[in-house]
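Spelled out, the chains give:
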Amino acid sequence: SESESASSSAAGGRWVLGVDPDLSGAIAVLQLGDEGAADGAPLLFRVYDNPTDAIEVRQRQRRQLSAPRIVELLRELRVPRGAHVFLEQ
């Protein structure tokens with residue numbers, strides 16, 4: 001929508017995220033410059049391991065994805081509404 005595009009542009013260009021949702025997966029964050037940028041180089045490119053929490057299942061330690069920590073990561077990065085997200089199946 002127009003408001004989503006405006007918020008994405010206001011945050012310094014277009015944002016693209018790639019998410020591999022496995023426990024050993026990662027989140028890639030790419031912030032692209034405005035459409036008219038001369039060199040086309042990304043303003044930001046980072047890859048983060050998926051945050052996990054240890055839980056106990058039948059007296060054994062297991063890992064599970066931590067949704068609250070994923071949200072916290074995205075908030076810290078200030079990823080705007082309207083970002084394009086690609087999720088591996």
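This write-up is about the structure you can find in this document.

Parameters and conventions
Residues numbered from 1 in each chain as written. Predicted model: local features only at pLDDT ≥ 70, side-chain atom pairs only at ≥ 80, totals over all residues. Heavy atoms only, no water. Helix = DSSP H or I, 4+ residues; strand = E, 2+ residues; numbered from the N terminus. Buried < 20%, exposed > 50% of the residue type's maximum accessible area, 1.4 Å probe, protein only. Contact = heavy atoms within 4.5 Å. Pairing = 2+ DSSP bridges. Core = buried A, V, L, I, M, F, W, Y, C linked by side-chain atoms within 4.5 Å. Polar contact = N/O pair within 3.5 Å; in protein donor to acceptor, adjacent residues only side chain to side chain.

What follows covers the overall build of the chain. A count of helices and strands for the chain gives two helices and six strands. Scanning the chain from its N terminus toward the C terminus, one meets helices and strands in the order α-β-β-β-β-β-α-β. In the chain, buried positions account for 21% of the 89 residues. For the chain, restricting intrachain contacts to residue pairs at least 6 apart in sequence, the fraction spanning at least 24 positions comes to 41%.

Turning to the pairing of strand 5 (residues 60-65), a few remarks are in order. Sheet topology note: the strand 4 (residues 52-57)/strand 5 ladder contains six bridges and is antiparallel. From the neighbouring strand, A54 faces strand 5, where its bridge partner is R63.

Residues W15, L17, I27, V29, L44, L73, L77 and A83 constitute the largest nonpolar core, which totals eight residues. For this core, the secondary structure elements donating two or more residues are strand 1 (14-19), strand 2 (26-32) and helix 2 (67-77). With residues up to four places along the chain from it excluded, the contact list for V29 reads W15, V16, L17, L44, F45, R46, Y48 and L77.

Structurally, S66 can be placed in the loop between strand 5 and helix 2. S66 sits in the buried class, given a relative accessible area of 3%. Only 3.0 Å separates the side chain of S66 from the side chain of D53, close enough to count as a polar contact. The residues contacting S66, other than those within four sequence positions of it, are P51, T52 and D53.

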